[in-house]
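# What the coordinates show
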Amino acid sequence: MTRESWATRFGFILAAVGSAVGLGNIWRFPWMTAQNGGSAFLVMYLAIILVVGVPGLLAEFVIGRRAKLNPVGALSSLSGSRGWGWFGLFNVLTSLVLLSFYTVVGGWILRYLVASLSGGYFASPGSFFSAISFGWGAAGYGVLFLLATAAIVLAGVRRGIELGTKLMMPAIVVLLVALALWAAGQPNAGAGLSFFLTFDPGYLRAHFVSVLVAAAGQALFTLSLGVGTMITYASYLDEDRSLPSDGATIAVLNTLVGVLAGFVVFPLLFSQGIDPGTGGPGALFVSVAGAFSAVAFGRVVAVAFFFVVTLAALSSSISMLEIPVAYLVDEHGLSRRRATLLPVAVLVVSGAATALDPSLFSLFADTMVNLMLTVGLLGFLLFAGWVLGPDALAEYVLGADGVGRATGPAWLWAVRTLLPLFLLGTLVVALLALAGVTAPLVVSVLP
Ligand code: PFF
């Protein structure tokens, strides 16, 4: 049986952008920005995307396209070592941990989408969120979101993922632009935009390390790095694509959508007099929803907003599910149908547990994700830089144009030395904070 592949280059780019653009851009990015000094965070985040994100993305692409296999198969076959295969299994586990909480948040979004139709949360957005966020109802909606994800993955690389993202991505961009234009017309919108865009060097100087760590975590999460998603997606690529230019395109498009989401969220919050820096992610959820209840045509706008978020979340969750699926198809010869149903069965249980237990949710969404993605990307960089070495460079330049080829040696150098050191540094800072040696870096995920 021949392995699946993308039908077009555009299809691959859209699928990868679909993976990158998700709850990370629309929910986590504004929250992180608000909590870390607005534009100070934005500037740091942009710098890290450029210096760490794009080279890291390319490391995953190089490994995936070289091996044409899932992370487990790719790492073990390219290195000839079982040890790296175990690291690949750690990546598969990471994808399951991610999906366990991502489907719960996806379920919240579905619930808000439904409730927006009737304005169900308009009367008291705060108590609505506390009522729906955890419990059997949350578990049920989470499973619904999981089944939607599974249906797309089940249809295959071309007819499921590629077709699905081709339909979803344009809808996301068009609706977000419309929402941003609408938000710009709200009273006091300018204050929101200036919070988002006016650079405050004093804040950055005073909180350099915490902004740096938060921005690094966000950069990894938003580009879907450190799990093996991008290895898996690149494994369906042919040799004639330029990895450097595809990688740059994906990073730019993902960043644009993130910034666009900021153009919706901040003016909206400021127009309602809501301080975006208070109370963490759940509160942002509550405050955006609360803002809809206060504006004209709130229901229509709310439906559009939560529809965008649903599409963005789906196009990301399919890329997470594709990791265990590709692993089971490649390494254990399962049909796509069985390879999809098996992880879905596991996720029904782990997702329900996450929806029932807020502390498990926090552990997954906050602590474990940050650590697992950092360790994951660290491993991929060391693998590309030291295990593949010159072969990684050969793969990098294959199909690249002049500019892409010229960046190759600098890329290999960074992947070998600078970037692993940087990630190791953020890992140490995060672990020290976790162990209570230094002040905590992130607030709890609950409102
Ligand atoms: N990039 C996605 C987002 O911003 O929501 C999250 C994500 C998807 C992370 C896939 C990791 C991953 F493998």
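Remember, it's a predicted structure, so these values are computed and weren't measured experimentally.

## Examining the overall build of the protein
If you tally the helices and strands in the protein, you get 20 helices and zero strands. In summary, the protein has a C-alpha radius of gyration of 21 Å against a globular reference of 22 Å for 447 residues, a match within 12%. Based on the C-alpha atoms only, the size of the protein along its principal axes is roughly 60 × 50 × 45 Å. Looking at the protein residue by residue over its 447 residues, the buried ones come to 55%. Considering only intrachain contacts with a sequence separation of at least 6, the fraction spanning at least 24 residues in the protein is 85%.

## With respect to the nonpolar core
As a rule of thumb, soluble globular proteins bury nonpolar side chains together. Counting 155 residues, the largest nonpolar core has Ala-215 and Ala-384 as the members making the most contacts within it. Tallying contributions element by element places helix 15 (residues 298-332) first for this core, with 19 residues. When sequence neighbours within four positions are dropped, the list of residues in contact with Ala-384 reads Ala-59, Val-62, Ile-63, Ala-392 and Val-415.

## Description of the environment of Ser-245
Inspection of the secondary structure assignment puts Ser-245 in helix 13 (residues 243-271). Accessibility expressed as a C-beta count within 10 Å gives 15 for Ser-245, which makes it partly exposed. It is 35 Å that separates the C-alpha atoms of Ser-245 and Val-303, two residues lying 58 residues apart in sequence. Ignoring any residue separated from it by four or fewer positions in sequence, one finds Ser-245 in contact with Asp-401 and Gly-404.

## Section: unusual backbone geometry
Of note in the backbone geometry, Lys-68 takes a positive phi value of approximately 50° without being a glycine. If you trace the backbone, Lys-68 turns up in the loop between helix 3 (39-67) and helix 4 (71-79). Lys-68 sits in the partly exposed class, given 18 other C-beta atoms within 10 Å. The backbone of Phe-297 shows a phi angle near 55°, a positive value even though the residue is not glycine. Turning to its location among the elements, Phe-297 is positioned in the loop between helix 14 (280-294) and helix 15. With 10 C-beta atoms counted inside 10 Å, the residue Phe-297 sits in the exposed group.

## Concerning the confidence of the model for the protein
Note: predicted coordinates in regions of low pLDDT should not be interpreted at a detailed level. When the pLDDT values of the protein are averaged, the result is 92; 96% of them are 70 or greater. Between residues 443-447, whose pLDDT stays under 50, and residues either more than four places distant or in other chains, the model counts 19 contacts.

## Concerning the environment of Ser-130
In this structure, Ser-130 sits in helix 6 (residues 125-133). For the pair Ser-130 and Val-286, spaced 156 residues apart in sequence, the C-alpha to C-alpha distance is 9.3 Å.

## Digging into the site of the ligand
In the region of the ligand, 15 residues are neighbours, and Gly-22, Gly-24, Ser-224, Val-227 and Thr-229 sit closest. Going through the elements one at a time, helix 1 (9-20), helix 2 (23-35), helix 11 (208-222) and helix 15 are the ones with two or more residues in the shell around the ligand. Tallied by class, residues from the shell around the ligand come to six nonpolar, nine polar and no charged.

## Some remarks on helix 7 (residues 136-154)
End to end, helix 7 covers 26 Å across 19 residues, agreeing with the expected 27 Å (1.5 Å per residue, within 8%). The set of residues buried in helix 7 consists of Ala-138, Ala-139, Tyr-141, Gly-142, Phe-145, Leu-146, Thr-149, Ala-150, Ile-152 and Val-153. Check the buried side of helix 7 and you find it contacts helix 5 (82-118), helix 6, helix 8 (157-184), helix 15 and helix 16 (336-356).

## Points about the packing of helix 5 against helix 7
Look at helix 5 against helix 7: their axes get within 7 Å of each other, and the N-to-C directions meet at 100°. What the angle tells us is that helix 5 and helix 7 run roughly perpendicular. When helix 5 is examined against helix 7, the residues Thr-103, Val-104, Gly-106, Gly-107, Leu-110 and Arg-111 are found in contact with a partner set consisting of Ala-138, Tyr-141, Gly-142, Leu-144, Phe-145 and Leu-146. Of the residues belonging to the contact of helix 5 with helix 7, the class tally is seven nonpolar, four polar and one charged.

## Description of the packing of helix 7 against helix 16
Axis angle and axis distance: for two packed helices, these are the angle between their axes and the distance between the axes, and together they describe the pair. For the pair helix 7 and helix 16, interaxial distance at closest approach is 9 Å and the crossing angle is 160°. Classified by the angle between their axes, helix 7 and helix 16 sit roughly antiparallel to one another. Where helix 7 crosses over helix 16, the two elements pack in a sense that is right-handed. Here helix 7 contributes Ala-138, Ala-139, Gly-142, Val-143, Leu-146, Ala-150, Val-153 and Leu-154 to the contact with helix 16, which in turn contributes Arg-336, Arg-337, Thr-340, Val-344, Leu-347, Val-348, Gly-351, Ala-352, Ala-355 and Leu-356. Among the residues making up the contact of helix 7 with helix 16, the classes are represented as 13 nonpolar, three polar and two charged.

## Thoughts on helix 15
Between its terminal C-alpha atoms helix 15 stretches 50 Å, which fits the 51 Å expected from 35 residues at 1.5 Å a residue. The sharpest bend along helix 15 comes to roughly 30°, located at Glu-322, with the proline Pro-324 sitting one to four residues further on. Of all 35 residues in helix 15, 26 are buried; the element is thus mostly enclosed. Downstream of helix 15 by one or two residues, Gly-333 has phi in the positive range, about 65°.

## Structural notes on the environment of Leu-314
With respect to the helices and strands, the residue Leu-314 is situated in helix 15. When residues no more than four places from it in sequence are discounted, the contact partners of Leu-314 are Ala-148, Thr-149 and Met-168.

Definitions and limits used
Residues numbered from 1 in each chain as written. Predicted model: local features only at pLDDT ≥ 70, side-chain atom pairs only at ≥ 80, totals over all residues. Helix = DSSP H or I, 4+ residues; strand = E, 2+ residues; numbered from the N terminus. Rg over C-alpha atoms; globule rule 2.2 N^0.38 Å. Buried ≥ 20, exposed ≤ 12 C-beta atoms within 10 Å, placed from the backbone. Contact = placed C-beta atoms within 7 Å. Core = buried A, V, L, I, M, F, W, Y, C linked by C-beta atoms within 7 Å. pLDDT = per-residue confidence, 0-100. Near = placed C-beta within 6 Å. Nonpolar A, V, L, I, M, F, W, Y, C, P; charged D, E, K, R; others polar. Expected span 1.5 Å × (residues − 1). Axes fitted to C-alpha atoms, helices over the stretch in contact; angles between N-to-C directions. Parallel < 35°, antiparallel > 145°, perpendicular 65-115°, else oblique. Left-handed = near helix turned anticlockwise from the far one by under 90°. Bend = angle between axes of the 7 residues up to and from the residue.

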